[in-house]
Amino acid sequence: APFTAVLARVRAKSLGALNPLPVALTVLSSWSWLQYGLSVPDPYIVSGNLPALTAAVYGLLVMLPLMHDAEHAQALLLVVRVFVAGCFATFGRI
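Definitions and limits used
- Residues numbered from 1 in each chain as written.
- Predicted model: local features only at pLDDT ≥ 70, side-chain atom pairs only at ≥ 80, totals over all residues.
- Heavy atoms only, no water.
- Phe/Tyr/Trp six-rings, centres within 6.5 Å; stacked < 30°, edge-to-face > 60°.
- Helix = DSSP H or I, 4+ residues; strand = E, 2+ residues; numbered from the N terminus.
- Buried < 20%, exposed > 50% of the residue type's maximum accessible area, 1.4 Å probe, protein only.
- Expected span 1.5 Å × (residues − 1).
- Axes fitted to C-alpha atoms, helices over the stretch in contact; angles between N-to-C directions.
- Parallel < 35°, antiparallel > 145°, perpendicular 65-115°, else oblique.
- Left-handed = near helix turned anticlockwise from the far one by under 90°.
- Contact = heavy atoms within 4.5 Å.
- Nonpolar A, V, L, I, M, F, W, Y, C, P; charged D, E, K, R; others polar.

**Quick notes on the packing of aromatic side chains**
Move 1: Taken as a whole and assessed by the stated rule, the structure comprises 1 aromatic pair.
Move 2: The interplanar angle of 85° and the centroid separation of 5.8 Å between the aromatic rings of W33 and Y36 together place this pair among those described as edge-to-face. Of the two residues, W33 and Y36 are both situated in helix α2 (residues 21-39); the distance of 3 residues between them amounts to about one turn of the helix.
Move 3: On the basis of relative accessibility, which here comes to 45%, the residue W33 falls in the partly exposed class.

**A closer look at α2**
Given 3.6 residues per helical turn, the α-helix brings residues three or four places apart onto the same face.
Move 1: Counted at 1.5 Å a residue, the expected span for α2 with its 19 residues is 27 Å, and the 27 Å between its end C-alpha atoms agrees.
Move 2: Those residues of α2 that sit buried are L21, V23, A24, V27, L28, S30, L34, Q35 and G37.

**Considering the packing of helix α1 (residues 3-12) against helix α3 (residues 43-63)**
Move 1: Relative orientation of the contacting elements α1 and α3 amounts to 25°, with a least axis distance of 10 Å. Classified by the angle between their axes, α1 and α3 sit roughly parallel to one another. In the packing of α1 onto α3, the handedness of the crossing is left-handed. Packed against α1, whose contacting residues are F3, V6, L7 and V10, the element α3 presents A55, Y58, G59, V62 and M63 at the interface.
Move 2: Per-class residue counts for the contact of α1 with α3 are 8 nonpolar, 1 polar and no charged.

Here it is in structure tokens:
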């Protein structure tokens, strides 16, 4: 989900039809690329993914309170499962 859409849903104080899964995947993807950029070392990959990771983590953190009602319980469960599985896959490579 685009960052502007996330901020719009936070201002509306409702998740609405916004799918939170892409935000969690963006965190994992940005982290993986940042990890790669640091291991190579490639300052261009690092400089491109550090702000992306920061924005994605912020977006995920501000969306979490919107997912705690019963209507979005399945979305929260899916985000948690994907994020935990992705963390194990990503951090397992360190």
